[in-house]
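Listed below are the residues making up each chain.
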Amino acid sequence: MIKAPECSVIVITYNDSARLPRAVRSALGQSLRNIEVIISDDGSTDGTESVARALRREDRRVRYLRRDVNSGGCGAPRNDGVAAARAPYVMFLDSDDELPPHACKSLLLEMERTGADFVTGQISRLHEWNGRIKPYYPGLFARRRVVEGIAGEPDMFLDSFSTNKIYRTSTLRGLPFLEDLHYEDHVFTTELYCVARRFAVVPWVVYLWHRAAEGDGRPSISLNLQEMDNIGHRIRAARLSDDILRGNGLAGLVADRQRRFVRHDLPVYLNPLPARGPVWAREFSRLVRPYLASLDPGVMDGADPLVRVCCRLILDEDADDLVVAARSLTTPRAAPRFAVRRAGRTYWGTVPKGELDITPLRMAELPYGAARLRHEAAFHGDGSRLALTVRTYDPFGVLATAPDWRAFARFGGHRVELAPRALDDGSYLSEATVDLARAGRGRFGHESFRDPRISIVRADGRATSDRLLVDPAAEPVRVAVPGHEIVAGPEGQSAFLRVRWRRRGALRWLAPRLGRLRAGLVRRLCAPRVKLRVYRTLIRLLPPRENLVLFEADVGAGYTGNPRYVYEELKRRRAPFEMVWSVAGNRRNFPPDVRLVRRMSWRYLWTMARAGHWVDSHGLPLAYPKPAGTRYLQTWHGQGVKTVGFDAPDLRADFEAPRRTWRGAVARWDALVMPSAEFERIFVTSNGYRGPVLRHGSPRCDVLVNGDPEAVRRARERLELPGDRKVLLYAPTYRDRAKFSGASVRADLAMMAEELADGWVVVLRTHPVERYAVPERLRHFVRFAGGYPEVNDLMLASDALLTDYSSLMCDYAVTGKPMFFLLDDWEEYRRAERGVNHDLPAIAPGPCVTGTEELIRAIRSLDADPAAFAAEHAARYAGFRATWCAEERGDASARVVDAFFGPVPVPAVRPAAAPEVEEVR
């Protein structure tokens, strides 16, 4: 007897013969082997039938159903599949999508573990043109849980898909899909939520929703947005869903379901609306207006302010302004043409209506460098020249507060000065002409693009810039130059101006081939093993030069840390050394008079081989031996509570190769800067170091002891820190298991802005291995300083520090300023993440909090009585400084230079000659 399948995967398809095999094979490749795959063909007229029958012959688990006539939607083929299913559980799959390998098994096990009526998991969009995967509403699936009915989590209405779930077959046979509706998923999931007593949510990806490049194949129903019939189906699905909730005694959840329409469904049409134009906008508004007018009170509360503006304009039958407003929904999220401020609130347009309130966006409160203007441009070509007529709107009065400003049109590094003239409505009109053939195209033979911007530069050099909005229907301007065609035209849903350089002629096929040939040659000639072999040969043949010093900080990332201050001490003494700095990327992080060499280039390896001294804060290339006669000063880059060396996660595992490499790297050190006895106790043992230690404090902390008013001025000016607010430096460390994710920024910055923006501004200093973008609505309160070249400037300019486990706390203690510690994941961090050597909550020199609300209360206690706050934490602060800062006396740079390089005399400074004074008679 054949064993019955455990799960039926129903693959619906229509005229999709090319992609059907990929979908079916993703189902057949499931780790749950005992499944059946039901191909439900909705009357295809292409080769789908022959492809499906071939798949059936390849694997007996495949079954094939076919309708004689296409039903026009997805409901009928899904119902056919459910009727034919033999397994107790069912999943759905569209023929243009895929299931991850463990989707069926993981969901089935969760269903059996929890006893839920269905299980839903993360659905992710896979963009086929670049391979990137983007989770759909990841917040919904952030944690594994069981929900006791939809009333417990009405936000789950956002999850209206039928494909990212596993169901009991018996449940589905009582909930057939509508067969005369395109958005049958929305109605079906509403009914499902009504009948489900409990359902489970899992955080892993269970469905890959493929998004093909525009113009690649037949668009799905959800992407076919231009047809008005599509909009009608979406609204009908919304109305039916509302009625189902009311009919099931869940009228109290109708507003929650309608919020999904405002938050998700409506923007699907509003985002591309600018490219459709006013006629399409009027027809769209006519269809949507009755449903918007019927929404329950309060549905708009909490909606995106710009979506709320668009809804108001739809209700007001103002299609022209609707097109203007819709251009603010997507990149470049343009500012309004006009805005009005009343009683501390900001409104879109010229009338302060409640529905037009955009205050939460904080556009009117941004610092000048992030200020928003709106530039609308008309353009035409004249030979190789692009002529622009630009209308600049200043909705928040930015230019009125910036006297003597100048305007430029920027095309990459090329700029053209404008001569704006004021118009009666407060906007400005200017014209510019740029020769595209001379505007630069990067390296010859390469394709590239640039987005022209209008920059408004104040007299102090501070600039703000925005892209140019153009007519979405404007005809692109094409210019032929040697080897390339330059195309200037509208780009994106909001239609901003973009200039592209495209290869033409022989370069179209020759350049990519030459590029691949060159890349292959470079890979072979510059392979790590080749470079290491050449380097080893160099150090055998050539003796190091005593007067050559190679400096490196943060693996070449910047001119900072202990190496910087050792370098500056040698420079101050005019030491007889030729000093070279390693740079990995941004040369702008270095002073212009510093000699640089690109890290891991051939010249860098030559410098390593010849340098008589190495000064470094992390680790010069680990596999490269030190030349005989070269002396290596390891300054390290911080001390604190985190594990280091062989106790850290990357080395504490039992893998001998990386541990052997690190032992060899440590053995190269000839001296180690030792900032404290506690650092020595932990670091020396954890790294197996046996060489000399320099117990003189940290050179980088000298400036924190001595102060530097110029550094404070520099930081405040560059970050546009307001003089009437205190500065909180927020410096979280990364999480080893979530690098580059933004997960280290754990404070709720929006809540902090709401509560503290009147008295504080946050300077956010993320770790170099972190990626985080500050939302525009928070830039009035948060200044991002992840790329600021010198963290000491930020410490000196701040009034308090917020951190978690960052080693920055030990340096900051030198300043004596208040510190706060957000330790919401302390148990996880010390047990499963990085690990620690100290019980931070027991020794922290300031409040340890576990959430943003508690943090805000702690900051307010500092505001209310600074003396009492300091007294409360004085004992632990003193103990912390005694542990980590006892050697910091402000002269570590000089003492380290003397100890490592030997006495380098400070040159005598000749007294300046007294000025001649003319005798007054």
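Residues numbered from 1 in each chain as written. Predicted model: local features only at pLDDT ≥ 70, side-chain atom pairs only at ≥ 80, totals over all residues. Heavy atoms only, no water.

1. A look at the overall build of the chain
Condition: Secondary structure follows DSSP: runs of H or I at least 4 residues long count as helices, runs of E at least 2 residues long count as strands, and numbering of each begins at the N terminus. Taken over C-alpha atoms, the radius of gyration is set against a globule rule of 2.2 Å times the number of residues to the power 0.38. A 1.4 Å probe rolled over the protein chains alone gives each residue an accessible area, and that area as a share of the maximum for its type sets the label: buried under 20%, exposed over 50%, partly exposed in between. Contacts are assigned to residue pairs with any non-hydrogen atoms lying within 4.5 Å of each other. Accessible areas in this description were obtained via Shrake-Rupley with a 1.4 Å probe; residue shielding takes into account the shown protein chains only. When charges are counted, Lys and Arg contribute as positive and Asp and Glu as negative, whereas His and the chain ends are disregarded. Here the site of a charge means NZ on Lys, CZ on Arg, CG on Asp, or CD on Glu.
Summing up its helical and strand segments, the chain has 28 helices and 36 strands in all. Relative to the 2.2 N^0.38 estimate, which gives 29 Å for 921 residues, the radius of gyration of the chain is 32 Å and therefore close to what a compact globule would have. Projected onto its principal axes, the C-alpha coordinates of the chain cover approximately 105 × 85 × 70 Å. Taking all 921 residues of the chain together, 53% fall into the buried category. Long-range contacts, defined here as pairs at least 24 residues apart, represent 69% of the contacts in the chain between residues at least 6 apart. Carbon and sulfur atoms make up 51% of the accessible area of the chain, which amounts to about 41400 Å² in all. Within the chain, one finds 137 positive and 116 negative side-chain charges whose respective centroids are separated by 7 Å.

2. Describing the sheet that holds strand S33 (residues 782-784)
Our working definition: Pairing between strands is defined by DSSP: at least two bridges between them are needed. Axis lines are fitted to C-alpha atoms, over the contacting stretch for helices. Their N-to-C directions set the angle, which ranges from 0 to 180 degrees.
Strand order in the open sheet formed by 6 strands is S33-S32-S31-S34-S35-S36, with parallel pairing between adjacent strands. Each end of this open sheet is capped by a strand with a single partner; those strands are S33 and strand S36 (848-849). Helix H21 (residues 749-756) contacts strand S31 (726-731), strand S32 (760-764), S33 and strand S34 (800-803) of the sheet and is inclined by roughly 155° relative to S32.

3. Let's talk about the packing of helix H7 (residues 228-247) against helix H9 (residues 273-293)
The axes of two packed helices give the description: the angle between them and the distance between them. Put simply, the rule reads: Roughly parallel means an angle under 35 degrees; roughly antiparallel means over 145; roughly perpendicular covers 65 to 115; every other angle is labelled oblique. By the convention adopted, Pro, Cys, Tyr, Trp, Phe, Met, Ile, Leu, Val and Ala count as nonpolar, Lys, Arg, Asp and Glu as charged, and the other residues, Gly among them, as polar.
For the pair H7 and H9, the least separation of the axes is 10 Å and the interaxial angle reads 10°. As summarised for this structure, H7 and H9 are arranged roughly parallel, according to the angle between their axes. Contact residues: Met228, Ile231, Ile235, Ala238, Arg239 and Asp242 in H7; Trp280, Glu283, Phe284, Leu287, Val288, Pro290 and Tyr291 in H9. Residue classes in the contact of H7 with H9 are distributed as 10 nonpolar, no polar and 3 charged.

4. Regarding H21
Counted only if it meets this: In this context, the arc is that of the directions from the helix axis out to the C-beta atoms. For this analysis, a polar contact is any N or O atom pair within 3.5 Å, provided that within protein one partner can donate a hydrogen and the other can accept it, and provided that sequence-adjacent residues contribute only side-chain to side-chain pairs.
Residues Leu749, Met752, Ala753 and Leu756 constitute the buried set of H21. All buried residues of H21 project into a common sector of 100° when viewed along the axis, lining one side. For H21, the side-chain oxygen to backbone nitrogen distance between the N-cap and Ala750 is 3.2 Å, and the N-cap itself is Asp748.

5. Let's talk about the pattern of salt bridges
Rules: We define a salt bridge as a side-chain nitrogen of Lys or Arg found within 4 Å of a carboxyl oxygen belonging to Asp or Glu.
Taken as a whole and judged by the stated rule, the model has 77 salt bridges. Ionic pairing is found between Glu417 and Arg406, a salt bridge with its closest N-O pair at 2.9 Å. Highlighted residues: Glu417 in strand S15 (residues 414-417) and Arg406 in strand S14 (residues 406-411), separated in sequence by 11 residues. Using a relative accessible area of 44% as the deciding quantity, one classes Glu417 as partly exposed. Residue Lys571 pairs with Asp593 through a salt bridge whose shortest N-O separation is 2.6 Å. Taken as a pair, Lys571 in helix H14 (residues 561-572) and Asp593 in the loop between strand S25 (578-583) and strand S26 (596-598) lie far apart in primary sequence, 22 residues in all. Residue class for Lys571 comes out partly exposed when judged on its relative accessible area of 40%. Here the residues in one salt-bridge network are Asp451, Arg467, Glu491, Arg498 and Arg500, joined through shared partners.

6. Comments concerning the sheet that holds strand S27 (residues 611-616)
Read from one edge of the open sheet, 7 strands run S26-S25-S24-S27-S28-S29-S30, paired in parallel fashion. Strands with a single pairing partner mark the edges of an open sheet, and in this sheet they are S26 and strand S30 (693-694).

7. Some thoughts on the environment of Asp702
Tracing the chain through its elements places Asp702 in helix H19 (residues 702-706). Between the C-alpha atoms of Asp702 and Arg312, which are 390 residues apart in sequence, the distance is 58 Å.

8. Observations concerning the packing of H7 against helix H8 (residues 254-270)
Two elements in contact, H7 and H8, have axes separated by 10 Å at closest approach and are oriented at 170°. Here H8 runs roughly antiparallel to H7, going by the angle between their axes. Contact with H7, carried on its side by Asn230, Ile231, Arg234, Ile235, Ala237, Ala238, Ser241, Asp242, Leu245 and Arg246, involves Val254, Arg257, Gln258, Arg260, Phe261, Asp265, Val268 and Tyr269 of H8 and no other residues of that element. The residue inventory of the contact of H7 with H8, partitioned by class, reads 9 nonpolar, 3 polar and 6 charged.

9. So, the pairing of strand S21 (residues 477-481)
Of the two faces of S21, the one holding Val477, Val479 and Val481 is buried and the one holding Arg478 and Ala480 is not buried anywhere. Pairing between S21 and strand S22 (residues 484-491): 5 bridges, direction antiparallel. If you follow Val479 over to S22, its bridge partner there is Ile486. From the end of S21 to the start of S22, which pair antiparallel, there are 2 residues, and Gly483 there has a positive phi angle of about 80°.

10. What about the nonpolar core?
The cut-off we apply is this: In these notes, a set of buried Ala, Val, Leu, Ile, Met, Phe, Trp, Tyr and Cys residues joined through side-chain atoms within 4.5 Å is what counts as a nonpolar core.
Grouped together as the largest cluster of nonpolar side chains are 112 residues, with contacts concentrated most on Leu270, Phe284 and Leu386. Those residues within four positions of Phe284 in sequence are excluded, and the remaining contacts are Met228, Ile231, Leu266, Tyr269, Leu270, Leu273 and Ile314. Ranked by size, the runner-up nonpolar core spans 40 residues in total, among them Leu721, Val761, Cys810 and Trp826.

11. Structural notes on helix H13 (residues 528-541)
What counts, and what does not: Multiplying 1.5 Å by the residue count of a helix minus one yields the expected span of that helix.
A rise of 1.5 Å per residue sets the reference length of H13, with its 14 residues, at 20 Å; its end C-alpha atoms lie 20 Å apart and thus fit the reference within 8%. Of all the positions in H13, only Lys531, Leu532, Tyr535, Leu538 and Ile539 are classed as buried. Projected down its long axis, H13 carries its buried residues within an arc of 120°, all on one side. Facing away from the buried side of H13, by more than 90 degrees, are the exposed residues Arg529, Arg533, Arg540 and Leu541. Contacts made by the buried residues of H13 are with helix H15 (602-610) and S27.

12. Here's the deal with the pairing of strand S12 (residues 374-382)
Relative to strand S13 (residues 385-393), S12 runs antiparallel, the two sharing 9 bridges. Note on S13: the bridge partner recorded for Gly381 is Leu386. From the end of S12 to the start of S13, which pair antiparallel, there are 2 residues, and Gly383 there has a positive phi angle of about 70°. Note that S12 and strand S20 (residues 463-469) share 2 bridges and pair parallel. Bridge pairing in S20 places His375 opposite Leu468.

13. Structural notes on the confidence of the model for the chain
The cut-off we apply is this: The pLDDT value tells you how sure the predictor is about a given residue, anywhere from 0 up to 100.
Residues at a pLDDT of 70 or more form 96% of the chain, whose mean pLDDT is 92. Here residues 911-921 scores under 50 on pLDDT; set against residues more than four positions off or in separate chains, the count is 0 contacts.

14. Re unusual backbone geometry
Of all residues except glycine, most have a negative phi; of all peptide bonds, most are trans. Between Thr331 and the following residue, Pro332, the backbone shows a cis peptide bond with an omega angle of 10°. In this model, Asn15 sits at a positive phi of 50°, which is unusual for a non-glycine residue.

15. Section: the side chain of Ser124
Locating Ser124 in the fold gives a position in strand S5 (residues 118-127). When its relative accessible area of 0% is taken as the criterion, Ser124 is described as buried. With sequence-adjacent residues up to four places away left out, Ser124 is seen in contact with Ile133, Lys134, Pro135, Tyr136, Val205, Tyr207, Leu208 and Trp209.

16. Considerations on the packing of aromatic side chains
Put simply, the rule reads: We call Phe, Tyr and Trp rings a pair once their centres come within 6.5 Å, taking the six-membered ring for Trp, and we label the pair stacked below 30 degrees between planes, edge-to-face above 60, and tilted otherwise.
Throughout the structure, instances matching the rule amount to 38 aromatic pairs. Ring centres of Phe92 and Phe177 lie 5.4 Å apart, and the angle between their planes is 85°; this geometry places the pair in the edge-to-face category. Within this pair, whereas Phe92 is found in strand S4 (residues 89-94), its partner Phe177 is found in the loop between helix H5 (169-173) and helix H6 (184-195), the two being separated by 85 residues in sequence. Summarising the burial analysis for this pair, Phe92 and Phe177 share the class buried. Arranged with centres 5.7 Å apart and planes meeting at 85°, the rings of Phe157 and Tyr193 form a pair that is edge-to-face.

17. Topic: the environment of Leu399
Relative to the assigned elements, Leu399 resides in the loop between S13 and S14. In this structure the C-alpha to C-alpha distance between Leu399 and Glu179, which are 220 residues apart in sequence, comes to 57 Å. Excluding residues that lie within four positions of it along the chain, Leu399 makes contacts with Tyr368, Leu373, Asp394, Trp405, Tyr428 and Ile456.

18. What about the side chain of Asp825?
Relative to the helices and strands, Asp825 is located in the loop between strand S35 (819-822) and helix H24 (826-831). Looking at Asp825, its side chain comes within polar contact range of the side chain of Tyr805, at 2.8 Å.

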